[in-house]
Structure formats: structure tokens, C-alpha cells
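A look at the structure
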Amino acid sequence: RKKLALEEIIKGELTKEGGKIRWLKVGNYQLIASVTDDTGRVFQYEQSVKVLPVISMKLNVTKATHTDKKVSIALTTKNKREHKVIWQIYKEEIPVEIKHHLTETGGDLQLEEKGNYRIKARVVDEAGREFSCEEQAKIYPIPSVKIQMPTAVHTDDTFTIQTITKDIEETEIIWYVDNTSGFQDWNTYVEGVLQGQGGTIRLKRAGVYDFQVRVKD
């Protein structure tokens, strides 16, 4: 058993009443206190201590995706050793059951409901200390838009286009007009403005037209 100077392995000070210290190196140690009485007799008291490393963890998560795509989760750790990673997922701070298996280093996870998620990885070592890291992910729904409009109009007709939408909150709606030769300048062919729920317009020129709506989140 090798004797070490205290200043080599601890930070702090020990007096006859003890003290508060921090171990500087990982390992198994015997802390020995020696007492010498007036006769010169030496008494020794020993205490075993195991100094564990600090576990570091870093989590990388897809910040934003849709309900039909998977979230990529990558966990890197240092000094984890054989300790198991415990995964936890919360949606709006409510625990969510993990349907797909995540390994010690993460994996791909599909979250089928829209919302804000918090993904957490934690490790508990043999001393009972918990180490953890977490990241946020926002899951967007798949928006849908159905267009309802007359199949035939005249150039002097003002008509209404209506839409039936789902999950278009927090999105940008962009309308396009196609005269079978590709997308055209809106103001050249159309009088009026269409919003997310549609609107009232007039076609300035005769022809065959196709209206398209694109949704950007």
C-alpha cells in the first residue's frame, strides 16, 4: 500500500476535528488518522473511501420535425462505465411512453403527436448521484388544405374560393395560379387576394387555370 501526501490527492484542509475536502483523483483510498498520546504511543484509525469520476453527458436532438418523420437522438458520455442510461420524454411536461427502443447512445424516435417535447437522458452511479442532460424538440403536424371553387366562370365574374384546412396554425399560406404554361404572375391574371381560408377573386383573362396552395411552417 503506497502512502500519498494529502496535498497530492485532496483539496482542502483536515484538522483534528476533521474538515471538508475534495478528492482530486479517482481511486480507492484508505484515509488514516494517527494520534500520539503523552507516552508516545500511536493510535491509528482508518476509513476506506472510493472516489468516483464525474460523468459528463451531451445530447444532440433534431430540433424540429414533423409527425411523419423521426427525431434523431445522439448521446455522448464520458466516465459512464457500465451504468445504464435511463431515457425520459415529456410532452408539455407530461411523461410520454417511449414506444421505440433507445440504446445507450440514443437512436431514432418517431413522435406521432404534434407539440413541444423535452427529451432527457440520466445516469445514476453507484454512489447514488444522478447525472443528466436534456434537449427540446418541436414536432409539427402535417397540414392539409382542400380547395373548393367553381369549375367554370367568366372574366366579369367575381367568385369565392373556400378552403377546408387542418393543422395550418403557425404556417404561411402561399397561393399560386397556373394557366397550363406554368405558374404566372398573380396580379397579371387575378384580381383579389386569397388568404388561408380562401377569399373572393376575379380572373382577368379567359383560359384554363389551376390554383395551388402551399403551406410553409
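No experiment lies behind these values; they were computed from the predicted model shown.

**Quick look at the nonpolar core**
Within the largest apolar cluster, 21 residues are counted, with the highest numbers of intra-cluster contacts made by Met57, Leu59, Ile73, Leu75, Trp87 and Ile119. Counting only elements with at least two residues in this core, the list comes to strand E5 (56-61), strand E7 (70-78), strand E8 (86-91), strand E11 (115-124) and strand E12 (130-140). Each residue touching tryptophan 87, except ones within four places of it in the same chain, is listed here: Leu59, Ile73, Leu75, Ile98, Leu102, Thr103, Thr105, Gly106, Ile119, Lys120 and Ala121. In terms of nonpolar packing, the next biggest core, distinct from the first, is built from 13 residues, Phe159, Trp186, Tyr189 and Val213 among them.

**Looking at the side chain of arginine 118**
Positionally, arginine 118 belongs in strand E11. Arginine 118 sits in the buried class, given a relative accessible area of 14%. At a separation of 3.0 Å, a polar atom in the side chain of arginine 118 contacts the side chain of glutamate 134.

**Looking at the sheet that holds E12**
Spatial strand order, E6-E12-E11-E8-E9: five strands in an open sheet with mixed pairing. A single partner strand is all that each edge strand has here, and the edge strands are strand E6 (64-66) and strand E9 (94-96). Across this sheet, the average inter-strand angle for adjacent strands is 35°, counted without regard to direction. With three bridges joining them, E6 and E12 adopt parallel strand pairing. When the sheet's bridge partners are listed, alanine 64 is paired in E12 with lysine 138.

**What about the pattern of salt bridges?**
When charged atoms on two side chains of opposite charge get close, those side chains can pair. Counted by the stated rule, this structure contains 10 salt bridges. When the shortest N-O distance is used, the salt bridge between arginine 118 and glutamate 93 registers 2.8 Å. Of this pair, arginine 118 sits in strand E11 while glutamate 93 sits in the loop between E8 and E9, placing them 25 residues apart in sequence. Relative accessible area serves as the criterion here: at 52%, glutamate 93 is assigned to the exposed category. In this structure, the salt-bridge partner of glutamate 130 is lysine 120, at a minimum N-O distance of 4.0 Å. Separated by 10 residues along the polypeptide, glutamate 130 in strand E12 and lysine 120 in strand E11 bring together distant segments of the chain. The buried category is assigned to lysine 120, whose relative accessible area is 16%.

Rules behind the numbers
- Residues numbered from 1 in each chain as written.
- Predicted model: local features only at pLDDT ≥ 70, side-chain atom pairs only at ≥ 80, totals over all residues.
- Heavy atoms only, no water.
- Core = buried A, V, L, I, M, F, W, Y, C linked by side-chain atoms within 4.5 Å.
- Buried < 20%, exposed > 50% of the residue type's maximum accessible area, 1.4 Å probe, protein only.
- Helix = DSSP H or I, 4+ residues; strand = E, 2+ residues; numbered from the N terminus.
- Contact = heavy atoms within 4.5 Å.
- Polar contact = N/O pair within 3.5 Å; in protein donor to acceptor, adjacent residues only side chain to side chain.
- Pairing = 2+ DSSP bridges.
- Axes fitted to C-alpha atoms, helices over the stretch in contact; angles between N-to-C directions.
- Salt bridge = Lys/Arg side-chain N within 4 Å of Asp/Glu carboxyl O.

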